[in-house]
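Commentary on secondary and tertiary structure
These are the residues of each chain, in order.
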Amino acid sequence: MKLLKLFSLFALLSTFCISCDSISDNLDDCGMYVNLYFEYPKFPERIHKVNVGIYNQKDGTFTRVRNLTKSYLIDYQGVRTRLMPGKYTAICWGNAFNETVVEGMDFALPVKEHNLKHTKNEIQPNPAEILTNDSLFYGRHTFEIPEMYGVYNDTIHYRPAHITFEVYVHGLESTLPNKPTDNYPFVRFNNLRPNYDYEMDTWGDYVSYYPRMEINTEVVRASCITKVLRFTNETSIEIVIDEPQVRTHPEIPYTIDVKKLLHGRLELIEEDKEYIIKIGVYFNGLGVETKLLGWIEQGTETPLD
């Protein structure tokens, strides 16, 4: 009887080890129960989808890959899985929708092959077609599973992976009522990168963004909103305002040096805060004036000097 029990136990353990050593699936039924909770202010309102990959620190390959939908996140604001003892790192991307390609987050692939690309840059590298990025968020957390029993609970803190620009252009003749729509002004953002690596560092050739314009002829105004990847004070971003056919003002094309306009504010950007930068450009008979209209951090507007 004892031999029979020992044989049965050995067979059970062998089956478990074989299934957990298999590379034919993502092994979510192996190891210790793990609950990784996602934390960000107003998470349900801000993040509606998550791509999560967990890689083993020992060999740097992904052992778990999950795509979490809004309905899943409503049920549990995090990811539940099982892991064998060891040291791991979880990488999470929130809101990778139509503007984003998640590349290389695949089971058994090395984490260094993982990156995030703009959809247009991936499918058809034409900078003129890049309008904006998704409202991306990033979470990364390293943790260790010490034993094979109980439940491991931990938290992954997210941070924003985008910065929002709003540009308002006033007074151009091309935005007057009854003017040709094919000469409406456009705004171009130069010297931005369209890709992130697995550590949320930007990479790739510099590209230009051409956000969609909104024209209000009643107030003679053109405006746009675009989301770009995070940048630092070292990034020489330009905003160019131009008209495609007939230039109706002597200052067109007009170029804004973002670093100069923000007067050192880029040095104050914190990695865990969302930012909206509002810029007003006013064309008139005397020339053109540019103003920083707003500097908003996570919904709280900072007073401007």
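This text gives an overview of the structure that appears in the document. (Residues numbered from 1 in each chain as written. Predicted model: local features only at pLDDT ≥ 70, side-chain atom pairs only at ≥ 80, totals over all residues. Heavy atoms only, no water.)

1. Quick notes on the overall build of the protein chain
Per the secondary structure count, the protein chain includes five helices and 21 strands. A total of 305 residues make up the protein chain; the buried ones form 44% of that total. Considering only contacts in the protein chain between residues 6 or more positions apart, those separated by 24 or more positions represent 67%. Summing over all exposed atoms, the protein chain offers an accessible surface of approximately 16,000 Å²; the carbon and sulfur share of this is 52%. (Helix = DSSP H or I, 4+ residues; strand = E, 2+ residues; numbered from the N terminus. Buried < 20%, exposed > 50% of the residue type's maximum accessible area, 1.4 Å probe, protein only. Contact = heavy atoms within 4.5 Å. Areas by Shrake-Rupley, 256 points an atom, 1.4 Å probe, with all protein chains shown as cover.)

2. Side note on the sheet that holds strand β1 (residues 32-39)
The strand order across the open sheet formed by seven strands is β3-β2-β5-β8-β9-β1-β4, and the pairing between neighbours is mixed. Of all strands in the sheet, those with a lone pairing partner are β3 (62-68) and β4 (78-83), marking the two edges. On average, each strand axis in the sheet is tilted by 20 degrees relative to the strand beside it, whichever way the strands run. For β1 and strand β9 (residues 151-160), the ladder comprises seven bridges, and the chain directions are parallel. Note that in β9 the partner of valine 34 across the bridge is tyrosine 152. (Pairing = 2+ DSSP bridges. Axes fitted to C-alpha atoms, helices over the stretch in contact; angles between N-to-C directions.)

3. Describing the packing of aromatic side chains
Scanning the model with the defined rule gives 15 aromatic pairs in all. Taking the centre distance of 6.0 Å and the plane angle of 25 degrees together, the rings of tyrosine 88 and phenylalanine 143 count as stacked. Of the two residues, tyrosine 88 is situated in strand β5 (residues 86-94) and phenylalanine 143 in strand β8 (residues 137-145); the sequence distance between them amounts to 55 residues. Each of the two residues, tyrosine 88 as well as phenylalanine 143, counts as buried. Geometrically, the ring pair formed by phenylalanine 143 and tyrosine 152 is stacked, given 5.7 Å between the ring centres and 25 degrees between the ring planes. Each member of the pair phenylalanine 143 and tyrosine 152 is classed as buried. These aromatic residues form a ring-pair network of at least three members: Phe38, Phe43 and Tyr158. Over the aromatic face of tyrosine 206 sits the side chain of arginine 193, whose NZ or CZ is 3.9 Å from the ring centroid. (Phe/Tyr/Trp six-rings, centres within 6.5 Å; stacked < 30°, edge-to-face > 60°. Lys NZ or Arg CZ within 6 Å of the ring centre and 35° of its normal.)

4. Concerning the sheet that holds strand β17 (residues 238-242)
If you walk across this open sheet you meet the four strands as β14-β11-β17-β18, and the pairing is antiparallel. On the outer flanks of this sheet lie β14 (207-209) and β18 (254-257), each paired with one strand and no other. The sheet shows a mean angle of 25 degrees between the axes of neighbouring strands, taken without regard to direction. Relative to β14, strand β11 (residues 186-192) runs antiparallel, the two being bridged by two bridges. Looking at the pairing, phenylalanine 189 lines up with tyrosine 209 of β14.

5. A closer look at the pattern of salt bridges
A full pass over the atoms with the stated rule returns nine salt bridges. Measuring nitrogen to oxygen at the nearest pair gives 3.4 Å for the salt bridge that ties lysine 117 to glutamate 103. With lysine 117 in strand β7 (residues 115-118) and glutamate 103 in strand β6 (residues 100-103), this residue pair connects regions lying 14 residues apart in the sequence. Residue lysine 117 is classed as buried on the basis of its relative accessible area, which comes to 17%. For glutamate 103, a relative accessible area of 24% corresponds to the partly exposed category. For arginine 159, the salt bridge is made with glutamate 271, and the minimal N-O distance between the two is 3.6 Å. You can see arginine 159 sitting in strand β9 and its partner glutamate 271 sitting in the loop between α5 (258-262) and β19 (275-284), a full 112 residues away along the chain. Via salt bridges that share partners, Glu270, Lys273 and Glu297 belong to a single interconnected network. (Salt bridge = Lys/Arg side-chain N within 4 Å of Asp/Glu carboxyl O.)

6. A few points about the environment of glycine 204
The topology assignment puts glycine 204 in the loop between β13 (202-203) and β14. The class of glycine 204 is partly exposed, set by a relative accessible area of 22%. Separated by 87 residues in sequence, glycine 204 and lysine 117 place their C-alpha atoms 9.4 Å apart.

7. Examining the nonpolar core
If you look at the biggest cluster of nonpolar residues, it comprises 34 residues, and the most contacted ones within it are Phe165, Val187, Phe189, Ile239, Ile241, Ile277 and Ile279. If one sorts the elements of this core by residue count, β19 sits on top with five residues. For phenylalanine 165, the residues in contact, after removing those within four places along its chain, are Phe189, Cys224, Ile225, Thr226, Val228, Phe231, Ile239, Val258, Ile277 and Ile279. Of all hydrophobic cores here, the second largest spans 23 residues; its members include Val34, Ile47, Tyr88 and Ile145. (Core = buried A, V, L, I, M, F, W, Y, C linked by side-chain atoms within 4.5 Å.)

8. A few points about the environment of serine 223
Relative to the assigned elements, serine 223 resides in strand β16 (residues 221-228). When its relative accessible area of 12% is taken as the criterion, serine 223 is described as buried. In sequence terms serine 223 and valine 169 are 54 residues apart; their C-alpha atoms lie 5.9 Å from each other. In this structure, serine 223 is in contact with Val167, Tyr168, Arg212, Met213 and Glu214, ignoring residues within four places of it in sequence.

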